[in-house]
Structure formats: C-alpha cells, structure tokens
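Understanding the architecture of this molecule
Spelled out, the chains give:
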Amino acid sequence: MILDGRPVAQKTLDGVRAGVTRLREATGVQPKLAVVLVGDFAPSKIYVASKIRTTESVGIASEDHLFPGGLTQDALIKLLHSLSDDASVHGILLQLPLPTGLDESAAIDAIAPNKDVDGLHPVNMGRLLAGATGMVPCTPAGCLEILDHYGAALRGAEAVVIGRSRLVGKPLAQLLLARHATVTTCHTRTRDLGAHTRRADVLCVAAGRARVITGDMVKAGAFVIDVGINRLETGKLAGDVDFESVSAKANVTPVPGGVGPMTIAMLMRNTLLTAERQIARS
Ligand code: NAD
C-alpha cells in the first residue's frame, strides 16, 4: 500500500474549514495566524508561501511578518512578545531554521505557549510528556494521522523512530508511546540500525539522510513513514527511505506527497484549536 498523505491532508483541511465556519458563526471571530520568517533561506520561503496559501483556503486569516534582510535577536524577541500579547492573534508560527547568529531556543521561549501552533515551546513539550492537553508538533501529529487513516495497529506494536530531534523524533516517539506502542528511538550513535528496523511493525524515519533505509532493513508488511525531505544533486527530492525497494515489501509514504502535506494540514488544525481554546477562556 502506498500511504498517500494527500487525501488525509484534504480530509483534515475540510474538517478545519468546517470548524472555522462554525467558530465564526458562533462567535464572529476569525482565527488568525501570525507568520514570522527571518532571512531569505529558499526552502523556508517556499514553506511559508505554502502555509499562507493554505490558511486562506480554510478561512484562517494570516498576518505576515517577513524579514528577508534579517532581524536582531532583540527585535525578534520583542516582536514575538508583542504577538503573544495581541488578543487578535491566535497562533504564532516562527519558521525554522533561523539564520545563523539567532538563538532558536530563546525565540521559541518568547512565544506564548497557548499560541505555539508548532508545539515546540517547553511547556507544550512538557505537556506531551505528561500526557496532558497541549499543542502537539505538526509533523509528528501528521504521521499519526496517516497511520490511523491507513489502519496501522499501534497498541502493542514494535515502533521504531529514527531521529531524536526536538521537531520530529522525540515528540513522535512520545505520541507512539501514548498509543501503547513499544517504542525504540534510534540515532547516529545507534549500533546496528538494521537490527532495530527489521523488527519494526511501524517504522518512522526522520534522519534527514537520503535513502538511509533500504528494503533489506524493513519487515514485510510493516508501516513505514518517511519524514525526510532531501534535495539530491540532480535537484530532485528524495526521502530518507529508498521507495523502490521498501515499497516492494512494506506500506510506505511517498516523498513528496506523504508527510509534507500533513504537516501543513496539522498546522491549520492547531491554529483552529488555539483560537477555540482562547475564545473559550475569554
Ligand atoms: P535533524 O537533523 O534535527 O535530526 C536528525 C536526527 O536523525 C538526529 O537525531 C540524528 O541523530 C538522526 N540521524 C541522522 N542520520 C542518521 C543515521 N544515519 N542513522 C540513524 N540516525 C540518524 O532533522 P529533523 O529536523 O528531525 O528532520 C529530519 C528530516 O525530516 C529532514 O530531512 C527534514 O527536512 C525532514 N522534515 C520534514 C518535514 C515534513 O513536513 N515532511 C518536517 C520536518 C522535517
């Protein structure tokens, strides 16, 4: 089975659009996402443009703060504080990575946790660890949606996550654990990666290395989620999974068209959620 992310993303976006309409009818409030982009890193510009387009398509307003020429750390923190205090802004998206010289952790800390649509603030990370309601990072949340949509059994399953980043690997491992999988996290110092991946019923790969997982490393019938996006020398995009050999024996997400569309869809869902929660509290 090819685990196509596009129909799952469409279903999620349809749900968000309906939710935005319901919220507007009930309260007169339109959810608003503030988008902050510092620098002119080409992939970030493409992601941000796509996120802004998608907000419009589901009825969410966007307020764009684009600084192609850069911004000082102080000015960035000031901006994030003022967006955090602005009652008309429900969600804040700070596009990462930040240009060299800017402190990413300090910037994330400056975002109000209840507006942190990327779920990267330590408060939201802590809530995830505690099993409490917070904001779940978009990419890991999208991976779970794909697994659920295509009927992967998670309870008691052997789940292996490759990668331990704050953005993907760590929160993804927590989400799988919360769904009662037996989770192993692998990383660059893991000995004999294949010994772990071959026993995985669910294998999630977020290494950022093109084709690090090949067909001989996966179990037949496994569910394989390829998070990686790598630009090859030819200019083509490739995932972290060798699609040809892995799709011959397992269920796998394509790149592009797998996790990518889900990340944006979950960002929209998180923005609607932050708006609903803020309105309920006001
Ligand atoms: P990262 O570089 O922060 O982390 C990579 C992790 O993989 C590290 O923990 C490292 O230990 C591990 N790793 C690297 N090489 C390995 C190897 N050979 N064997 C075992 N472990 C290895 O990257 P990230 O931010 O977590 O992103 C991972 C990938 O996912 C990147 O390709 C990124 O572009 C992609 N990504 C995609 C989306 C999406 O929407 N599809 C979103 C975020 C990230």
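So, how was this worked out
Residues numbered from 1 in each chain as written. Predicted model: local features only at pLDDT ≥ 70, side-chain atom pairs only at ≥ 80, totals over all residues. Heavy atoms only, no water. Helix = DSSP H or I, 4+ residues; strand = E, 2+ residues; numbered from the N terminus. Near = heavy atom within 4 Å. Polar contact = N/O pair within 3.5 Å; in protein donor to acceptor, adjacent residues only side chain to side chain. Areas by Shrake-Rupley, 256 points an atom, 1.4 Å probe, with all protein chains shown as cover. Nonpolar A, V, L, I, M, F, W, Y, C, P; charged D, E, K, R; others polar. Core = buried A, V, L, I, M, F, W, Y, C linked by side-chain atoms within 4.5 Å. Buried < 20%, exposed > 50% of the residue type's maximum accessible area, 1.4 Å probe, protein only. Contact = heavy atoms within 4.5 Å. Pairing = 2+ DSSP bridges. Lys, Arg positive; Asp, Glu negative; His and termini not counted. Salt bridge = Lys/Arg side-chain N within 4 Å of Asp/Glu carboxyl O. Axes fitted to C-alpha atoms, helices over the stretch in contact; angles between N-to-C directions. Parallel < 35°, antiparallel > 145°, perpendicular 65-115°, else oblique. Left-handed = near helix turned anticlockwise from the far one by under 90°. Patch = residues over 30% accessible without salt bridge, like charges linked within 9 Å, V, L, I, M, F, W, Y side chains within 5 Å. Disulfide = S-S within 2.5 Å.

Proline 97 follows leucine 96 through a cis peptide bond whose omega is 0 degrees. Here proline 97 is to be found in the loop between strand S3 (91–94) and helix H4 (104–109). Cis geometry marks the peptide bond from valine 255 to proline 256, where omega comes out at 0 degrees. Of note, proline 256 is situated in the loop between strand S10 (251–252) and helix H10 (259–281).

Here we take up the site of the ligand. In the vicinity of the ligand, 22 residues are found, and the nearest of them are Arg164, Ser165, Val227, Ile229 and Thr263. Interatomic distance of 3.2 Å between a backbone N/O atom of threonine 188 and an oxygen atom of the ligand. Here an oxygen atom of the ligand sits 3.1 Å away from a polar atom, N or O, in the main chain of isoleucine 229. Burial of the ligand by the surrounding chains reaches 74%, relative to a free accessible area of 860 Å². Here the element with the most residues in the shell around the ligand is H10; it accounts for 3 residues. Residue composition of the shell around the ligand, by class: 10 nonpolar, 10 polar and 2 charged.

Time to look at the nonpolar core. Leu147, Leu172, Leu176, Ile225 and Met268 are the most contacted members of the largest nonpolar core, which has 49 residues in total. Tallying contributions element by element places H10 first for this core, with 10 residues. Sequence-distant contacts of leucine 172, defined by excluding residues within four places in its chain, comprise Pro140, Cys143, Leu144, Val161 and Cys204. One finds Leu79, Leu83, Leu94 and Ala107 within the second-largest nonpolar core, a separate group that totals 16 residues.

In this section: the side chain of serine 84. Note on placement: serine 84 falls in helix H3 (residues 73–85). The class of serine 84 is buried, set by a relative accessible area of 15%.

Our focus in this paragraph is the pairing of strand S7 (residues 223–226). Of the two faces of S7, the one holding Phe223 and Ile225 and the one holding Val224 and Asp226 are both buried throughout. Sheet analysis places strand S6 (residues 202–205) next to S7, joined by 4 bridges and oriented parallel. Bridge pairing links valine 202 to phenylalanine 223 in S7. Examined bridge by bridge, S7 and S10 share 2 bridges and lie parallel to one another. Bridging across to S10, valine 224 finds its partner in valine 252.

Let us look at the side chain of aspartate 118. By secondary structure assignment, the location of aspartate 118 is in the loop between H4 and helix H5 (122–130). Summary of buried charges: aspartate 118 has no salt-bridge partner, and the nearest side chain of opposite charge, lysine 51, is 5.6 Å away. Here aspartate 118 is in contact with Leu93, Leu94, Pro137, Cys138 and Leu267, once residues within four sequence places are set aside.

Read from one edge of the open sheet, 5 strands run S5-S4-S6-S7-S10, paired in parallel fashion. The open sheet has two edge strands, strand S5 (182–186) and S10, and neither has a second partner. Running at roughly 170 degrees to strand S4 (residues 158–162), helix H7 (residues 169–178) makes contact with S4, S5 and S6 of the sheet.

This part takes up the packing of helix H6 (residues 138–149) against H7. It is at 9 Å that the axes of H6 and H7 come closest, and there the two elements cross at 40 degrees. When the interaxial angle is binned, H6 and H7 end up oblique. Taken as a pair, H6 and H7 cross one another with a handedness that is right-handed. Residues Pro140, Ala141, Cys143, Leu144 and Leu147 of H6 form the contact with H7, whose participating residues are Pro171, Leu172, Leu175 and Leu176.

The grouping of Tyr47, Ile229 and Leu237 at the surface amounts to a nonpolar patch, some 250 Å² of accessible area in total. Positionally, tyrosine 47 belongs in helix H2 (residues 42–58).

It is worth spelling out the state of the cysteines at this point. By the definition in use, this model includes 0 disulfides. Between cysteine 143, a free cysteine, and cysteine 204, which holds the nearest cysteine sulfur, the sulfur-to-sulfur gap is 5.7 Å. Residue classification places cysteine 204 among the buried residues on the basis of a relative accessible area of 1%.

By way of backbone hydrogen bonds, the strands of a sheet pair with one another, either parallel or antiparallel. Read across the sheet, 3 strands follow the order S2-S1-S3 without closing on themselves; strand pairing throughout is parallel. Whereas interior strands pair on both sides, the edge strands pair on one side only; in this sheet they are strand S2 (61–67) and S3. Sheet twist, expressed as the average angle between the axes of neighbouring strands with direction ignored, equals 15 degrees. Both strand S1 (residues 32–38) and S2 contribute to a ladder of 7 bridges, which runs parallel. Its bridge partner lying in S2, valine 36 is registered against histidine 65.

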